[in-house]
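Survey of secondary and tertiary structure
Spelled out, the chains give:
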Amino acid sequence: MSNLDDKTRTELEAAAFRRLVAHLQARTDVQNIELMNMAGFCRNCLSNWLLDAAKERAVPLSKDESREAVYGMPYEEWKARHQSEATPEQKAAFPGPGAH
């Protein structure tokens, strides 16, 4: 993508980000722990990265707002609707805090 101007590159990256978020919102069957165990990141990571980007640019955005942008609803509502208890196998495979 080195042949693209910065504006076009940013637009393409933003479109890819929006598509990833939409995909994760649609795949409520995939638990965050599964994402962490397989890919090393989850929806919470993505929302934290969004929050970090806002802070770097002095854009006012709360943790709750960044999570809602990624989850498509308030985080607590998503957990109540879609999050299940992790299996012992998932817990054993979890890399733990600071792994991402």
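Computed from a predicted model, the values in this text were never measured in an experiment. (Residues numbered from 1 in each chain as written. Predicted model: local features only at pLDDT ≥ 70, side-chain atom pairs only at ≥ 80, totals over all residues. Heavy atoms only, no water.)

1. Concerning helix 2 (residues 32-39)
Put simply, the rule is: The buried label applies to any residue whose accessible area, calculated with a 1.4 Å probe on protein chains only, is under 20% of its type's maximum; exposed applies above 50%, and partly exposed to all values in between. Helix numbering and strand numbering both begin at the N terminus, where a helix is a DSSP run of H or I of at least 4 residues and a strand a DSSP run of E of at least 2. Within this analysis, the arc is defined by the directions that extend from the helix axis to the C-beta atoms. The contact criterion used throughout is that any non-hydrogen atoms of two residues lie within 4.5 Å.
Along helix 2, the residues classified as buried are Asn 32, Ile 33, Leu 35 and Met 36. End-on, the buried residues of helix 2 take up no more than an arc of 160 degrees, which puts them together on one face. Contacts from the buried residues of helix 2 go to helix 1 (6-26), helix 3 (43-56), helix 4 (63-71), helix 5 (75-82) and helix 6 (88-93).

2. Let's talk about the packing of aromatic side chains
Rules: Classification of ring pairs rests on two measures: the distance between centres of Phe, Tyr or Trp rings, Trp counted by its six-membered ring, which must be within 6.5 Å, and the angle between planes, read as stacked under 30 degrees, edge-to-face over 60 and tilted in between. Note on criteria: charge over ring means Lys NZ or Arg CZ within 6 Å of the ring centre, with the direction from the centre no more than 35 degrees off the ring normal.
In this structure the tally under the stated criterion is 3 aromatic pairs. What links up through ring pairs into an aromatic cluster is the set Tyr 71, Tyr 75 and Trp 78. Between Arg 67 and the ring centre of Tyr 75, over which it is positioned, the NZ or CZ distance is 4.0 Å.

3. Comments concerning the packing of helix 1 against helix 3
Here is the rule we go by: For every element, the axis is a line fit to its C-alpha atoms; helices are fit only across the contacting stretch, and the angle between N-to-C directions ranges from 0 to 180 degrees. It is the rotation of the near helix from the far one that decides the hand of a crossing: anticlockwise by less than a right angle makes it left-handed, clockwise makes it right-handed. Basically, the charged four are Asp, Glu, Lys and Arg, the nonpolar ten are Ala, Val, Leu, Ile, Met, Phe, Trp, Tyr, Cys and Pro, and anything else, Gly included, counts as polar.
Contact geometry of helix 1 with helix 3 gives a least axis separation of 11 Å together with a crossing angle of 145 degrees. For the pair helix 1 and helix 3, the crossing hand works out as left-handed. Counted together, Phe 17, Leu 20, Val 21 and Leu 24 of helix 1 and Arg 43, Leu 46 and Leu 50 of helix 3 form the full contact between these two elements. Split by residue class, the contact of helix 1 with helix 3 holds 6 nonpolar, no polar and 1 charged.

4. Looking at the UniProt feature "domain: SMc04008-like" (unreviewed entry) in the chain
The test is simple: UniProt positions are given in the numbering used here, feature names are shortened, and annotations may be inferred rather than shown by experiment.
When the UniProt feature table is mapped onto this chain, "domain: SMc04008-like" (unreviewed entry) is found at residues 30-94. For residues 30-94, the end-to-end C-alpha separation is 15 Å, with 69% helix and 0% strand making up the annotated structure.

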